[in-house]
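# Coordinate analysis (summary)
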Amino acid sequence: MSKIEGTYSPQEFEEKWYDEWTQKGYFHADPHSDKPPFSIVIPPPNVTGILHMGHALNNTLQDVMTRYKRMDGYEALWMPGTDHAGIATQNVVERKLAAEGLTREDLGRDNFIERVWEWRKEYGGTIIRQLKKLGASCDWDRERFTMDEGLSRAVREVFCTLYEEGLIYKGSYIINWCPRCHTALADDEVEHKDSKGNLWHLRYPLEDGSGYIDVATTRPETMLGDTAVAVHPEDERYKDLIGKNLILPVMNRRIPIIADAFVDPTFGSGAVKVTPAHDPNDFEMGLRHSLPTIRVIGENGQMTEEAGKYAGLDRYEARKALVADLEEAGTLIKIDDHDHAVGGCYRCQTVIEPLISEQWFVKVKPLAAKAVEAVEQGDTKIVPDHWKKTYYHWMENIRDWCISRQIWWGHRIPAFTCDACGEMSVSREDIDTCPKCGASGLRQEDDVLDTWFSSALWPFSTMGWPEETAEVSKFYPTSLLVTGFDILFFWVARMMMMGLWFRKEVPFKDVYLHALLRDEQGRKMSKSLGNSLDPLELIEEFGADVMRFTLVAFAAQGRDIRLSKPRFEGYLRFANKIWNAARFAFMNLEDFDEAAPEIPLAERSSADRWIIGRLSEAAKGVREALDDYRFNDAAGQIYKFLWHEFCDWYVEMSKRPLYGDDPKAKLAAQQTIITVFDATMRLLHPFMPFLSEELWQKLPFPAYMGPREESLVIAVFPKAEEIPTDKGAVERVDMVKEVVSAVRNVRGEMRLPPSKKLTAIIQCSDKERSLLLDERDFMMALALAESVEFIAPGEPKPKQAAAAVAGGLEIFVPLAGLVDLEEEERRLNKEIDKLAADLSKVEGKLGNPNFVDRAPAEVVEKERERAAELNEAIDKLKAGLARIKGE
RNA sequence: AGGCGGAUAGCUCAGUUGGCAGAGCGCCAGCCUUACAAGCUGGAUGUCGCAGGUUCAAGCCCUGUUCCGCCUACCA
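Every chain's residues receive numbers from 1 upward, in the order its sequence appears when written. For naming, the first written chain is A and the first written ligand is 1, with later ones following in the order written. Confidence filtering applies because this is a predicted model: local features only for residues at pLDDT of at least 70, side-chain atom pairs given and counted only at 80 or more, and all residues used for totals across whole chains, interfaces and linings. Side-chain numbers here rest on the full set of heavy atoms in the structure, without hydrogens or water.

### Re the side chain of Lys273
Worth spelling out the cut-off: Secondary structure counts use DSSP, requiring at least four H or I residues in a row for a helix and at least two E residues in a row for a strand, with both numbered from the N terminus. For this analysis, a polar contact is any N or O atom pair within 3.5 Å, provided that within protein one partner can donate a hydrogen and the other can accept it, and provided that sequence-adjacent residues contribute only side-chain to side-chain pairs. In this analysis, two residues are considered to be in contact whenever any of their non-hydrogen atoms come within 4.5 Å of each other.
For Lys273, the position within the fold is in strand E12 (residues 271-274). Side-chain polar atoms of Lys273 contact the side chain of Thr222, separated by 2.7 Å. Among the polar contacts listed, one links the side chain of Lys273 to the side chain of Thr275, at a separation of 3.1 Å. Look past the residues within four positions of Lys273 in its chain and what remains in contact with it is Tyr204, Val215, Ala216, Thr217, Arg219, Thr222, Met223, Asp226, Ala228, Val229 and Asp282.

Structural data, given as structure tokens:
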């Protein structure tokens, strides 16, 4: 009776183990531990979010690293939490209110915020629960939220400090305004998308009636706010007109012609209309030339009183009406098709309106300089390396960061204005009397801070900063950050700036930027396309382990991942394979004597020694791959070892001793299976935590291995150097494998079914013979041979036999009565052709004097050996062919 | 416009110091061989995008080029 049933069914054990692990507190990190620290902070998902494939990938990779390091003797902290997602969350709650026929204004600020907290309490935990399904080994006792009291204190501390240092200021500048979210946005929160538009050519007459200037615009409605037309100072066409005035059509306003080097004389007519209130470039130009600003579009996207007869119209309606009027007035010369990039709100896609508005800004240049330096010096390593360039480029071209948002949900700006004297005070604590005049009646700013402002502090605010906590001193700087490259600017760059400024240390030593997930057609997975796979459905169908392993197996650096269901099916088979390997192991361990002493390696079979040697190499490979963040490589090594070495070869080889009647050989095989299975489950655990734990817990444990750890979560990760490697055994088994493959090849090519027993005859040196003699049983079992015989080098070769060459050995399979010899002739010719092709390549190299003279001696020697081997093999096969023909 | 990435088997992709081009899936053939048919065994399949260059030797390094994708950007 087996301990487990025949099919992998993750639904039966995943939840059980997760509960067990959390109850035991394995994920909790102790800041007072003596172990070296390893720490990761989770990229906080939006509190409104639900788990999507990007989260699944991102958090799987973090969990792999966290579990690996935890097993490898580190005090591992994976800090979890969510961010308050100001705009997104407010949108969600406002939608709910709208369903009740209410607006946030109806409730008032305090009541509205109360409602948001209620919402958060009810729904905010969704993504956290989903992360648990994934198996994430976060320290849930430390779960944080950017609006928590502690984190809010950190935000306030940072704001006030930067203000005191003169790095935060308030002022009227042109900013990106979302007319739907009704708030300012930072530059990088605007998504530019190419779209088909038009170029309207307008004719502005000179004031003195002596002519006109043509200008072109993609946004005709802004002409109502024009306060100048600019030309290039060197432009011969317009040189004489500089300083003259034009009459702005429709508005009949007098506007000057100015000269500015910004204008590209080769584009369009070479003259540009200037609308300082509604275009960032024009705003700059306006400053240079002290132009007035006329705001014709308001915060709701409607035309203002300044727009005259168009006041109150939506900006697009106004465009239509105005264009019609311009055409009638003869001002509109022509309309061209024109493609250009239009900026949209990253939250709601509404077209952004550049507006002049009073906002709060961070002067980022000084912070950015430090952030660049840290990467240049290697204090933080970006993986893959090529993202460095993008990072530098962004940091070096950074403009001041608009941090105020005209919403209610978020950290309210701690600035207080005195009604009496007008003084504005910024304060770490709420104040109600003016520090300057002592009057009461202070008004706090209505605006809140950009969510990214608080996320930027995440690596240290989550650890209790500004208190100098044990967590900060143990776990900051964090060891690693894993995130998608799409938030390199939003988040990574800002954490770098804030971390360096406030902790004088980088927030993380390594940053691993993973690829994007795409569907099978290569399109980005997105909610709007509806082409996303749902990780929870996948977990339901395949198990969390299979989903994790699949994602890891495809996570090659710098390459996007195309996902589809069949990909997961492939690794479901792998999980099932592991399951069945375990069944095999358990079946054959039922009578295992846990008290028996360990059989020394030297007394075990070659197969035993071989697989243990391979295990050592696998452990080394997995470690090296993980240390370099080559996740796909790590997964591949485990896959290959478990399936193609342990299952394909060792399990088959172990059947003889297990089913045979030599008790010592059997015990040796049992002990080997346990050693290998135990270590393999340890190696597998970071990738497939549930399956590995389920199987490992059922594995018998011999007394000589000492007490077993309570759980794989806290078990030791295998060290290659502690697993012995026997080179001789590896060589012997490799020889066995070659012989077996050669015989199988004959069988396969000849289409001999396994039911037809055959004999293998090996002709080899005495030395090889003595090595192989002991492995006879293995060879018979694996090659499905009735017997394996040896002949000495000089002895006549068998007649009517298939011939094969493997290493230095010749292998014969007598075919008389089994198969038509012409089949063998065909097979041999094919084989000879293949080898001859190889040989001519090698001889080509050796025939080149340059190669022989200039290549390293060992490379030349290797080629010579290879040529000799090929020659010998060909000769032998030809001889075999002759023997067949001669019959 | 600039920057970055990709192009390798029918498909999806590996390929870390230049030294015999690989895997999975698919395909063909044979197998229910008592862990596993979600399996086993064997087999076929390549102008490594194109053109040059460096080198004894290039998928890998250099130059140019084509196509695809992404990011950044103030061309009205």
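### Looking at the protein's contact with RNA strand B
We apply this condition: If even one non-hydrogen atom of a residue comes within 4 Å of a molecule or strand, that residue is called near it. Classification used: nonpolar for Ala, Val, Leu, Ile, Met, Phe, Trp, Tyr, Cys and Pro, charged for Asp, Glu, Lys and Arg, polar for all others including Gly.
Residues in close proximity to RNA strand B total 56 residues, the closest being Ala216, Phe262, Arg567, Arg573 and Arg854. Considering RNA strand B, the proportion of its atoms within 4 Å of the protein that are sugar or phosphate atoms stands at 63%. Measuring from a phosphate oxygen of RNA strand B, one finds a side-chain N or O atom of Lys841 at 3.2 Å. Among the elements that make up the surface near RNA strand B, the one with the highest residue count is helix H18 (residues 565-587) (10 residues). Here the residues of the surface near RNA strand B are counted per class, giving 20 nonpolar, 16 polar and 20 charged.

### Details of a negative patch on the surface
Note the following rule: Surface patches are defined over residues having more than 30% relative accessible area and no salt bridge, joining like charges when they lie within 9 Å and nonpolar side chains (Val, Leu, Ile, Met, Phe, Trp, Tyr) when within 5 Å. For every accessible area listed, the method is Shrake-Rupley and the probe measures 1.4 Å; residues are considered covered only by the protein chains on display. Here, a salt bridge means any side-chain nitrogen of Lys or Arg that lies within 4 Å of a carboxyl oxygen of Asp or Glu. A positive count includes Lys and Arg, and a negative count includes Asp and Glu. His and the chain ends are not counted in either. A charged residue contributes its charge at one atom only: NZ of Lys, CZ of Arg, CG of Asp or CD of Glu. Between buried and exposed lies partly exposed: a residue is buried under 20% and exposed over 50% of the maximum accessible area for its type, with that area taken using a 1.4 Å probe on protein chains only.
Together, Asp110, Glu114, Glu118 and Glu122 make up a negatively charged patch on the protein surface. For Asp110, the position within the fold is in helix H5 (residues 109-123). According to the relative accessible area criterion, Asp110 is exposed, its value standing at 64%.

### Brief notes about the sheet that holds strand E9 (residues 228-231)
Quick note on the threshold: One requirement defines pairing of two strands: DSSP has to find at least two bridges between them. Under this scheme, a helix contributes an axis fitted over its contacting stretch, all axes are lines through C-alpha atoms, and angles between N-to-C directions fall in the 0 to 180 degree range.
The strand order across the open sheet built from 4 strands is E10-E11-E9-E12, with neighbouring strands paired in mixed fashion. Of all strands in the sheet, those with a lone pairing partner are strand E10 (245-248) and E12, marking the two edges. Taking each pair of neighbouring strands and ignoring which way they run, the sheet shows an average axis angle of 30°. For E9 and strand E11 (residues 253-259), the ladder comprises 3 bridges, and the chain directions are parallel. Across the sheet, the residue bridging to Ala230 is Ile258, located in E11.

### Describing the packing of helix H17 (residues 544-554) against helix H20 (residues 631-659)
What counts here: Note on angle classes: values under 35 degrees are labelled roughly parallel, values over 145 roughly antiparallel, values of 65 to 115 roughly perpendicular, and the remainder oblique.
Two elements in contact, H17 and H20, have axes separated by 6 Å at closest approach and are oriented at 120°. Looking at the two axes, H17 sits oblique to H20. On H20, the residues that touch Phe549, Val552 and Ala553 of H17 are Phe631, Asn632, Ala635 and Tyr639. Classifying every residue of the contact of H17 with H20 by side-chain character gives 6 nonpolar, 1 polar and no charged.

### Brief notes about the nonpolar core
Keep this limit in mind: The definition of a nonpolar core used throughout is a set of buried Ala, Val, Leu, Ile, Met, Phe, Trp, Tyr and Cys residues joined through side-chain atoms within 4.5 Å.
If you look at the biggest cluster of nonpolar residues, it comprises 234 residues, and the most contacted ones within it are Met53, Tyr391, Phe453, Met498, Phe631, Phe646 and Leu695. For this core, the element with the highest residue contribution is H20, accounting for 14 residues. Contact partners of Phe646, with chain neighbours within four places excluded, come to Ala581, Ile611, Phe641, Val651, Val676 and Phe677. Membership of the second largest hydrophobic core comes to 28 residues, among which are Leu202, Ile213, Ala271 and Val296.

### Some details on the sheet that holds strand E16 (residues 401-402)
Spatial strand order, E6-E5-E14-E16: 4 strands in an open sheet with antiparallel pairing. Only two strands of the sheet have a single partner each, and these edge strands are strand E6 (183-185) and E16.

### A short note on helix H21 (residues 663-684)
Counted only if it meets this: Given a helix with a known number of residues, its expected span is that number minus one, times 1.5 Å.
In this model, H21 (22 residues) spans 31 Å end to end at C-alpha, consistent with the 32 Å of a helix rising 1.5 Å per residue. Among the 22 residues in H21, 17 count as buried, and that is most of the element. A distance of 3.0 Å separates the backbone nitrogen of Lys664 from a side-chain oxygen at the start of H21, and that oxygen is part of Asp662.

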